[in-house]
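A look at the structure
One-letter residues, chain by chain:
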Amino acid sequence: MSVATESARWPGTAQPEPRITEDWLSVWIGLAIFVLALGMLGGVDLLGWVVSTSVWIDPSLALGSVSRAYAQLGGAGALVVTYVALLAVLTAAAAALDLDVKRFAVAFTAVFALAYASWIIGSYAYVAAVTPAEQQKFGIGWSLKLTNEGGYVVALLAGLIIANFFPRLAEWLKEAIRPELYIKIAIVILGAFLAVTAAGRLTLATSLLLRGVAAIVEAYLIYWAVVYYIARKWFGFNREWAAPLASGISICGVSAAIAVGGAIRARPIVPVMVSSLVVIFAVVEVLILPFLAQTFLWQEPLVAGAWIGLAVKTDGAAVAGGGITESLILAKSAAEGIHYQPGWILGVTATVKIFIDIFIGIWAFVLGYIWTNHINPSPNKARVSEIWQRFPKFIIGFVLTFVGGLALALGTPTQISSKVPAAIGEANTFRVIFFILTFFSIGILSNFKKLWQEGVGKLAAVYLLSLFGFVIWVGLAISWLFFSGVKPPLAS
Amino acid sequence: MSEPDLREELKNAPAEPLLPIEKKLIGWSLGIGVVLLVVLLLVNHYFPVTL
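Keep in mind the model is a prediction, meaning the values are calculated, not measured.

Cut-off values and rules
- Residues numbered from 1 in each chain as written.
- Chains lettered and ligands numbered in written order.
- Predicted model: local features only at pLDDT ≥ 70, side-chain atom pairs only at ≥ 80, totals over all residues.
- Heavy atoms only, no water.
- Helix = DSSP H or I, 4+ residues; strand = E, 2+ residues; numbered from the N terminus.
- Rg over C-alpha atoms; globule rule 2.2 N^0.38 Å.
- Buried < 20%, exposed > 50% of the residue type's maximum accessible area, 1.4 Å probe, protein only.
- Contact = heavy atoms within 4.5 Å.
- Areas by Shrake-Rupley, 256 points an atom, 1.4 Å probe, with all protein chains shown as cover.
- Lys, Arg positive; Asp, Glu negative; His and termini not counted.
- Charge placed at Lys NZ, Arg CZ, Asp CG, Glu CD.
- pLDDT = per-residue confidence, 0-100.
- Buried area = accessible area lost by both parts, 1.4 Å probe.
- Salt bridge = Lys/Arg side-chain N within 4 Å of Asp/Glu carboxyl O.
- Polar contact = N/O pair within 3.5 Å; in protein donor to acceptor, adjacent residues only side chain to side chain.
- Patch = residues over 30% accessible without salt bridge, like charges linked within 9 Å, V, L, I, M, F, W, Y side chains within 5 Å.
- Axes fitted to C-alpha atoms, helices over the stretch in contact; angles between N-to-C directions.
- Parallel < 35°, antiparallel > 145°, perpendicular 65-115°, else oblique.
- Left-handed = near helix turned anticlockwise from the far one by under 90°.
- Nonpolar A, V, L, I, M, F, W, Y, C, P; charged D, E, K, R; others polar.
- 1 Å grid on protein atoms, 1.4 Å probe; cavity = no way out; pocket = protein on both sides within 12 Å on 5 of 7 lines; lining within 4 Å.
- Points joined across faces, edges and corners; volume = space filled by probe spheres on them.
- Phe/Tyr/Trp six-rings, centres within 6.5 Å; stacked < 30°, edge-to-face > 60°.

Time to look at the overall build of chain A. Scanning chain A for helices and strands turns up 23 helices and 2 strands. Radius of gyration (C-alpha) of chain A: 22 Å, near the 23 Å computed for a compact globule of 492 residues. A buried classification covers 63% of the 492 residues belonging to chain A. The contacts of chain A with a sequence gap of at least 6 include a subset with a gap of at least 24, amounting to 79%. A total of about 17,400 Å² of accessible surface is found on chain A, and carbon and sulfur atoms cover 68% of it. Across chain A, the mean location of the 31 positive side-chain charges is 6 Å away from that of the 24 negative side-chain charges.

Moving on, we get to the confidence of the model for chain A. Model confidence for chain A is summarised by a mean pLDDT of 89, while 97% of its residues fall at 70 or above. Here residues 1-14 of chain A is modelled with pLDDT under 50, and outside its nearest four sequence neighbours on either side it reaches 51 contacts, counting other chains as well.

Listed per partner, the contact involves 40 residues of chain A and 29 residues of chain B. Of the roughly 3,300 Å² buried at the junction of chain A and chain B (both faces included), carbon and sulfur atoms supply 68%. Viewed at the interface, chain B and chain A are joined by 3 salt bridges. At the boundary of chain A with chain B, the tally comes to 10 residue pairs in polar contact (both at pLDDT 80 or more).

So, on to a nonpolar patch on the surface. Residue and element names in this part refer to chain B. A cluster of nonpolar side chains, Val34, Val35, Val38, Val39, Leu42, Val43, Tyr46 and Phe47, forms an exposed patch at the surface whose accessible area comes to about 770 Å². Mapping valine 35 onto the fold places it in helix H2 (residues 20-46). Under the relative-accessibility criterion, valine 35 is labelled exposed at 51%.

Now for the environment of threonine 401 of chain A. All names here are of chain A. Relative to the elements of secondary structure, threonine 401 occurs in helix H19 (residues 394-410). Sequence separation between threonine 401 and glycine 191 is 210 residues, and the spatial gap between their C-alpha atoms is 5.2 Å. Residues in contact with threonine 401, not counting those within four places in the same chain, are Leu31, Phe34, Val188, Gly191, Ala192 and Ala195. A polar side-chain atom of threonine 401 sits 2.6 Å from the main-chain carbonyl oxygen of valine 188.

Residues and elements named next belong to chain A. Look at helix H1 (residues 22-37) against helix H8 (residues 179-199): their axes get within 8 Å of each other, and the N-to-C directions meet at 40°. On the basis of their axis angle, the class for H1 and H8 is oblique. Where H1 crosses over H8, the handedness of that crossing is right-handed. Touching Glu22, Asp23, Leu25, Ser26, Val27, Ile29, Gly30, Leu31, Ile33 and Phe34 of H1 are Glu180, Leu181, Lys184, Ile185, Val188, Ile189 and Ala192, all from H8. A breakdown of the residues in the contact of H1 with H8 according to their chemical character gives 11 nonpolar, 2 polar and 4 charged.

Residues and elements named next belong to chain A. When its volume is computed, the largest pocket comes out at roughly 760 Å³. As for the largest pocket, its lining consists of 29 residues, of which Trp119, Asn148, Glu149, Asn428 and Val432 are closest to the centre. Broken down by secondary-structure element, the contributors of at least two residues to the lining of the largest pocket are strand S1 (51-53), helix H3 (101-122), helix H15 (315-335) and helix H21 (420-444). Sorting elements by how many residues they give to the lining of the largest pocket places H21 first, with 7 residues. Here the lining of the largest pocket is composed, by residue class, of 16 nonpolar, 9 polar and 4 charged.

With that out of the way, let us pick up the pattern of salt bridges. Side-chain pairs of opposite charge can arise whenever the charged atoms involved come near each other. Overall, the coordinates contain 12 salt bridges over all chains when judged by the stated rule. The residue arginine 232 of chain A makes a salt bridge to glutamate 22 of chain B at a minimum N-O spacing of 2.8 Å. Residue arginine 232 of chain A is located in helix H10 (residues 213-234), and its partner glutamate 22 of chain B is located in helix H2; the two belong to separate chains. There is no split in this pair, since arginine 232 of chain A and glutamate 22 of chain B are both buried. Overlapping salt bridges bring together Arg232 and Arg239 of chain A together with Glu16 and Glu22 of chain B as one network.

On to empty space enclosed by the protein. Residue and element names in this part refer to chain A. Scanning the model with the defined rule gives 1 cavity of 30 Å³ or more in all. Roughly 40 Å³ of internal volume is contained in the largest cavity. If you go around the largest cavity, the residues you meet are Arg211, Gly212, Ala214, Ala215, Leu310, Val352, Ile478, Ser479, Phe482 and Phe483. Listing elements by their share of the lining of the largest cavity, those giving two or more residues are H10 and helix H23 (457-483). Counting residues per element, the lining of the largest cavity draws most heavily on H23, at 4 residues. For the lining of the largest cavity, the residue count by class is 7 nonpolar, 2 polar and 1 charged.

With that settled, the discussion passes to the packing of aromatic side chains. Residue and element names in this part refer to chain A. Applying the stated rule across the entire model yields 22 aromatic pairs over all chains. With a centroid separation of 5.9 Å and 10° between ring planes, the pair formed by phenylalanine 104 and phenylalanine 108 is classed as stacked. Remark: phenylalanine 108 and phenylalanine 104 occur in helix H3; sequence separation between them is 4 residues, near one turn of the helix. Here phenylalanine 104 matches phenylalanine 108 in class, with each residue buried. Ring geometry for tryptophan 224 and tryptophan 363: centres 5.5 Å apart, planes at 75°, overall edge-to-face. Of this pair, tryptophan 224 sits in helix H10 while tryptophan 363 sits in helix H17 (residues 360-375), and the two are 139 residues apart along the sequence.

Structural data, given as structure tokens:
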């Protein structure tokens, strides 16, 4: 595969080069959802049937359509319609990716069922209810207080259990295990959601955006250099392993490892092994860091958001981890009587991650130039065109929905702009579903035993030392320096 | 490449000392990174977040 980031696939999902990449597909699918949601601005509710889950104690009240206009569907009906719509769209995507369509459809059915069941379990009041008022409302005396977004953790754990205890089932599901596709679609939709959030406080949003630049400097120039040095000098890795490893740990996990591996002309096995490791560590981080952030950083919500974006590698785990962090911190703050507007913590995480992603192609080219000209001179030299080839295209979708959402929220008459939040809210419900699918898929790809048997102990040691001894703490320090004292707006 | 090969490769890889170009890459990255962070901190200080 020549174009690394475009086809930045997760381990275990390698396929021959398709007609269109997951990256571009995510742009089209995300944009289609965004455009359909805008039907509401013209008085046509095209997506109101999508299923939404509320915190529940009575299972019959758990599900419902996101719009009252489709209330007659009922919860089960909304779930079935949502499944059928996603099956149709994603099966078409699978056909475009030259996958086995029949196998994909069957596997997706199981993936959707298991992932959404996890989400429903995560919304059970004993798991999700946060405040005493909520507990009282549901007539319960205790709860895990994970918020309904704790369902992401349940989906991740469900995936992990299947991967590690039922490997044959995991193998059977693998055709529909597409975390890169799911998270990129979610991020494209997220652009519109963040635009609506930012529209209310544009000056604050701009200030936060500018502070995201620090993340680029940190990831590429500080983290990479230190991790590369550690891998080469302390652990004795050769250059072919050290460069993708440093990129995976310090920049953006899977995409960066594959982009740099391709740029320095490493063998394909190298970035694939590094990617496997990135996924495993991202899982561990997502299970730990949001809860640490809730405990220690709840009074600095934006520091927490930036920290998750800098510490958790891979787009999927980071952005979804930002979602969990936001949910946990908003819940903790609410319990203390502070009600922040949702969207700002997740917005900072996504900004940090996307800013870092933008430069993957450039960094890969820089390393490719050095490698093919100075370290391993070869006729197959790095070309400038590789920068565009390795540019993560889903960012284009994110920018389009962000700019489009902002223009509609700020540049249209009140009778239209007042409908924008509800319209984007419907699209955002799809974003949540794609997050759930991402978490479940990441879990399925995390077979700890198999990875250990493949002999990645030494790679894992570098990762462990770099991540927990350096990346997390420097990320925290930088996040603190740039975001401390800045609070999200209060909910009106 | 089979799995045992990979384990053996990682275990027995011959040492590759850091080349001057790698040292330059590490040094310049860190140097530029630290300078840029200081600049950004100054910008952050003199142009604080506005609500």
